[in-house]
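As a plain string of letters, each chain reads:
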Amino acid sequence: MILVTGATGTVGSALLPKLLQREAEVRVLVRDPRKLGRLRVEVRIVLGDLGELSDPRVLRGALRGVRTVIHLAAAIRDQPHAPVEELNGLATARLLRAAESAGVERFAFFSALGATPVQRTRFFRAKALAEAAVQRSELDSTVFAPSIIYAPGDPWVLPAIPISGEGSAAFEPIWADDVARCVLADLDAGPGSRRHEVAGPERLTYEQIARLIARSAGRERPVIHVPLGLVHYGLAALRRVVGDAVFATWEEAELMEVPMVAERADADVRALDVVPRRMAGVLGGGP
């Protein structure tokens, strides 16, 4: 039995069909089963989210009979019931400890490239602490540290112009389908603990990504750079007015100022026998 958290997210939506095609027995921890679409009849469902991993009943139900955990779920903004630190850091630690007690054999965790305990954003700091906990565990573990993960139709893939700040931070974007194939290859690799830096085949700045997305959507237009101070003030004021329904928070905008590049470029991905595709090829914005 495989437990997948974040099954309705960008990676989960690409991975879940592939696991089921292998006739794997899969349980998913989801808040809204309707987002699983037709796949909801092919998996076992436990209702819950990251904030509810403090509930022993949810953990017991999620981990009963599970041999492998694939922990994809993450949050990039505070929720009404929990801050980013709890949703990404403490929730992972709770799931990990429960997995150890339940006899789980492998724990796969999605961190992030550039995550360190002293990063400028709370999201990256929480991911770094969670990654350290996974690597200290006695379980066989895999840490995936990805750059930006995208998919056509993903809400993230919007013609996102104007750009906050200089737009010069570098990324190595990778298609969710390629990431899913990396996960499958790692599962096939057998026992042992390892870490993969999951990066695409090209290095692009935030501005280059925004231009590519706009071009692929047929909405190419001049780029407008908005000073970070103005972005901070505007988003903070907007959140005070509309609350959690705000389309973006300051910390989400700030994430695009943090470079996410791998030391070995896409070498770890290719070592898993996955040849990652260029972003323009996937989105249709170029060769």
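What counts and how
- Residues numbered from 1 in each chain as written.
- Predicted model: local features only at pLDDT ≥ 70, side-chain atom pairs only at ≥ 80, totals over all residues.
- Heavy atoms only, no water.
- Salt bridge = Lys/Arg side-chain N within 4 Å of Asp/Glu carboxyl O.
- Helix = DSSP H or I, 4+ residues; strand = E, 2+ residues; numbered from the N terminus.
- Axes fitted to C-alpha atoms, helices over the stretch in contact; angles between N-to-C directions.
- Parallel < 35°, antiparallel > 145°, perpendicular 65-115°, else oblique.
- Contact = heavy atoms within 4.5 Å.
- Nonpolar A, V, L, I, M, F, W, Y, C, P; charged D, E, K, R; others polar.
- 1 Å grid on protein atoms, 1.4 Å probe; cavity = no way out; pocket = protein on both sides within 12 Å on 5 of 7 lines; lining within 4 Å.
- Points joined across faces, edges and corners; volume = space filled by probe spheres on them.
- Buried < 20%, exposed > 50% of the residue type's maximum accessible area, 1.4 Å probe, protein only.
- Polar contact = N/O pair within 3.5 Å; in protein donor to acceptor, adjacent residues only side chain to side chain.
- Phe/Tyr/Trp six-rings, centres within 6.5 Å; stacked < 30°, edge-to-face > 60°.

Asker: How should I be thinking about the pattern of salt bridges in this particular structure?
Answerer: Oppositely charged side chains are able to pair whenever their charged atoms sit close together. All told, the structure shown has 21 salt bridges when counted by the stated rule. When the shortest N-O distance is used, the salt bridge between R44 and E25 registers 2.6 Å. Highlighted residues: R44 in strand β3 (residues 44-47) and E25 in the loop between α1 (10-21) and β2 (26-30), separated in sequence by 19 residues. What you see here is one network of salt bridges that share partners, running through K18, D177, D178 and R181.

Asker: Explanation requested: the packing of helix α3 (residues 84-102) against helix α4 (residues 122-136) in the structure shown.
Answerer: How two helices pack is summed up by the angle between their axes together with the distance between the axes. Taken N-terminus to C-terminus, the directions of α3 and α4 make an angle of 10 degrees; their axes are 8 Å apart at the nearest point. Overall, the two elements α3 and α4 adopt an arrangement that is roughly parallel. Contact residues: V84, E85, N88, G89, T92, L96 and R97 in α3; R122, F123, A126, K127, A130, A133 and V134 in α4. The residue makeup of the contact of α3 with α4, split by class, is seven nonpolar, three polar and four charged.

Asker: What is the right way to read the layout of surface pockets from this model?
Answerer: To find leftover empty space, a probe the size of one water molecule is rolled over the atoms. Estimates place the volume of the second largest pocket at around 300 Å³. Along the wall of the second largest pocket there are 14 residues; nearest its centre are I2, R67, T68, E105 and L187. Tallied by class, the residues present in the lining of the second largest pocket amount to six nonpolar, two polar and six charged.

Asker: Just to check I follow, could you spell out the environment of R277 for this structure?
Answerer: For R277, the position within the fold is in the loop between α9 (267-271) and α10 (279-283). R277 gets classed as partly exposed once you look at its relative accessible area, which sits at 38%. Taking the C-alpha atoms as reference points, R277 and I174, separated by 103 residues in sequence, lie 7.4 Å from one another. Each residue touching R277, except ones within four places of it in the same chain, is listed here: Y150, W175, D178, P201 and V282. Within the structure, R277 has its side chain in polar contact with the backbone oxygen of G281 (distance 2.9 Å).

Asker: In this structure, what is going on with the packing of aromatic side chains? I would like to understand it.
Answerer: Centre-to-centre distance and the angle between the planes together describe a pair of aromatic rings. Taken as a whole and judged by the stated rule, the model has two aromatic pairs. Between F110 and F144 the ring centres are 4.9 Å apart and the planes differ by 25 degrees, which places this aromatic pair in the stacked class. Here F144 lies in strand β6 (residues 140-146) and F110 lies in strand β5 (residues 106-110), a separation of 34 residues in the sequence. One exposure class covers both F110 and F144, and it is buried. With a centroid separation of 5.5 Å and an interplanar angle of 80 degrees, the aromatic rings of F123 and F124 are classed as edge-to-face. Neither residue differs from the other here; F123 and F124 are each classed as buried.

These results come straight from atomic positions and should not be treated as a statement about function.
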